[in-house]
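Results of the structural survey
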Amino acid sequence: MRNQLDISKRDADAIKTMKLYTHVDRIKTELVSRNMTSPMDPIALSEIDSMHYLGNTAIQAAVDILSLDSSSRVLDVGSGFGGVSRMLSKLSECQVTALELQQDIHELGQDLTKRCNISERVKHVNGDILDGTTEKMLGDELFHVIVSYLVFLHIPNKNALFDVCSRLLKSDGSMFIEDFYCKASFTNLELESLAKDVFSKDLPSREQYISQLEMFGFHDVQFIDMTSQWTSYVTTRLDQFVVAKESFVTIHGEDAYSGLLHFYNAVATLFNGGNLGGVRLIAKKR
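Quick caveat: nothing in here was measured; it's all calculated off a predicted structure. (Residues numbered from 1 in each chain as written. Predicted model: local features only at pLDDT ≥ 70, side-chain atom pairs only at ≥ 80, totals over all residues. Heavy atoms only, no water.)

1. Side note on the packing of aromatic side chains
Counted only if it meets this: Only Phe, Tyr and Trp rings are paired, with Trp represented by its six-membered ring, and only when their centres lie within 6.5 Å; those with planes under 30 degrees apart are stacked, over 60 edge-to-face, the remainder tilted. Burial classes: relative accessible area under 20% of the type maximum marks a residue as buried, over 50% as exposed, and values in between as partly exposed (1.4 Å probe, protein chains only). Secondary structure elements follow DSSP: runs of H or I no shorter than four residues count as helices, runs of E no shorter than two count as strands, and numbering proceeds from the N terminus. When the NZ atom of lysine or the CZ atom of arginine is within 6 Å of a ring's centre and also within 35 degrees of its normal, the charge is said to sit over that ring.
Tallied over the entire structure, the rule returns 14 aromatic pairs. Seen in terms of ring centroids, Phe241 and Phe248 are 5.0 Å apart; in terms of plane orientation they differ by 70°. Their pairing is edge-to-face. Residue class for Phe248 comes out buried when judged on its relative accessible area of 14%. Measuring from ring centre to ring centre gives 4.8 Å for Phe241 and Tyr257, while their planes differ by 15°; the resulting arrangement is stacked. On the criterion of sequence distance, the pair formed by Phe241 in helix α11 (residues 227-243) and Tyr257 in helix α13 (residues 254-272) is long-range, its members being 16 residues apart. Each member of the pair Phe241 and Tyr257 is classed as buried. Positioned above the aromatic ring of Phe143 is the side chain of Arg73, whose terminal nitrogen or guanidinium carbon lies 4.2 Å from the ring centre.

Written as C-alpha cells, this is what we have:
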C-alpha cells in the first residue's frame, strides 16, 4: 500500500499545476470582503465556493434525478471546498461524505461546513478514491449515490475508478457524474494544455466511457451531452472575469488574478476548439 500512498501524494502535489487550485486562500479573502460571518447559508456561500459549471442548477438536477432525501447516503468524490456536498444536503437533507484529495482544500472545506452548522450531515474525508486505505476510512456502510463534478477527468485509470465506485455503492445504487470526454482527436497543443492546465490525460470517447461503466456492473447509462451549454458557460465566465479585473485584483491581488485568468482562458480555448466535450452521466449499479 505504501507505493499507492506515495503515488497519491505525488498526484495531490502535481495537480497544483492547475491554477484553479492555487491561491485557495481567495475563498477566505472573499468571505471577508463580503462581510460573511458564521453561521453562513450554503446557498449564499455557493456563489464563491463553486468550481463546477452552471451553479446550483447542476446540483438541483442531481437532487431531482436521484430523488435524494434525508434517507440518502451520498459520496461526493473530489468535493473541493465542499460546496456541492453542502448544497446537496441543504436541498435534500441527505447525508454526504465529502472526499477530497488535496489537504489544504479539504481543510478549508471542512471549516466552511462547520461555519454553515451542517457538520452533522456533511462529513469531510481527506483521501484518494483509488487508495484502499481511504476506502476503509469511508466505512462499511455502502452509499446509495455517488456524485462527482468535474473530477473524474483527473483520473486516467477509469477501470480502477469504476471498480471502486461499484464496490462502494449499494445494489441498485446510482452515479451522477459531470465530466470531460474526447469528442474528436485532440491536437498536440490541446493535449499539452489538458495535461498541464487541466491535469487531465487519456480522456475517453463517448463509446469508451459507456463501455467502461458497463464493464463494472453499471447499466441504464444516460450520456447527456453538455458541450454546448458548457462552452457557452466557460466563454462567458472568461469574459466576465476580464471585465471584473480591477475589483478582483483589489481584493485578491495580481497573482491570484493572473492564475485564474490563465486557467479560465485555457478551458475556454479547449471547449471552443471543438474536440473537448462535456457530459452528464447517470448510471445505476446492478
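From this point, the discussion proceeds with the structure in view.
2. Details of the packing of helix α3 (residues 42-49) against helix α5 (residues 83-92)
Any two packed helices are characterised by how steeply their axes cross, that is the angle between the axes, and by the distance between the axes. Just so we agree on the cut-off: Only the contacting stretch of a helix is used when fitting its axis, a line to C-alpha atoms as for every element, and angles between N-to-C directions run 0 to 180 degrees. Orientation labels follow simple angle bins: below 35 degrees gives roughly parallel, above 145 gives roughly antiparallel, 65 to 115 gives roughly perpendicular, and whatever is left gives oblique. Note on convention: near helix rotated counterclockwise from far helix by under a right angle means a left-handed crossing. Clockwise means right-handed. Here, residues are in contact when the closest pair of their heavy atoms is within 4.5 Å.
Orientation of α3 relative to α5, taken along the N-to-C sense of each, is 155°, at an axis distance of 10 Å. Viewed along their axes, α3 and α5 adopt a mutual orientation that is roughly antiparallel. Two packed elements cross with a definite hand, and for α3 against α5 that hand is left-handed. Taken together, the residues of α5 that come into contact with α3 (itself represented by Pro42, Ile43, Leu45, Ser46 and Asp49) are Gly83, Arg86, Met87 and Lys90.

3. Structural notes on the environment of Ser205
As for its placement among the helices and strands, Ser205 is situated in the loop between α9 (188-197) and α10 (206-215). Along the backbone, Ser205 and Gly55 are 150 residues apart, and their C-alpha atoms lie at a distance of 25 Å. The residues touching Ser205, leaving out its near neighbours within four places in the chain, are Tyr181 and Cys182.

4. Some words on α3
For α3, every residue scored as buried is listed here: Pro42, Leu45, Ser46, Ile48 and Asp49. Buried residues along α3 sit against α2 (26-33), α4 (55-66), α5 and α6 (103-115).

5. As for α11
Note the following rule: By this rule the span expected of a helix is its residue count minus one, scaled by 1.5 Å. What the arc covers is the set of directions going from the helix axis to the C-beta atoms.
Under the 1.5 Å per step criterion, the end-to-end length of α11 is 24 Å for 17 residues, consistent within 8% with the ideal 24 Å. Of all the positions in α11, only Thr227, Trp230, Thr231, Val234, Arg237, Leu238 and Phe241 are classed as buried. Buried residues of α11, viewed axially, fall in a sector of 130°; they line one side. Of the exposed residues in α11, those oriented more than 90 degrees away from the buried face are Ser228, Gln240 and Val243.

6. As for the layout of surface pockets
Rolled over the atoms, a probe with the dimensions of a water molecule shows which regions are left empty. Applied cut-off: A pocket here means an open set of points on a 1 Å grid, computed over the protein atoms alone, that has protein on both sides within 12 Å along at least five of seven lines. A cavity is instead a set of points where a 1.4 Å probe fits but cannot get out; residues with an atom within 4 Å of a point line either one. Grid points are joined across faces, edges and corners, and a volume is the space filled by probe spheres set on the points. Gly is put with the polar residues, along with every residue not named as nonpolar or charged; the nonpolar set is Ala, Val, Leu, Ile, Met, Phe, Trp, Tyr, Cys and Pro, and the charged set is Asp, Glu, Lys and Arg.
Size it by volume and the largest pocket reaches roughly 840 Å³. For the largest pocket, the lining is made up of 46 residues, of which Ile15, Tyr21, Val151, His154 and Ile155 are closest to its centre. Put simply, the parts of the chain that give the lining of the largest pocket at least two residues each are α1 (2-14), β1 (73-77), α5, β2 (95-100) and α13. Of all the elements, α1 adds the most residues to the lining of the largest pocket, at 3 residues. Counted by class, the lining of the largest pocket contains 27 nonpolar, 12 polar and 7 charged residues. Its volume calculated, the second largest pocket comes out at about 710 Å³.

Such coordinate-based values are descriptive only and should not be taken to indicate function.
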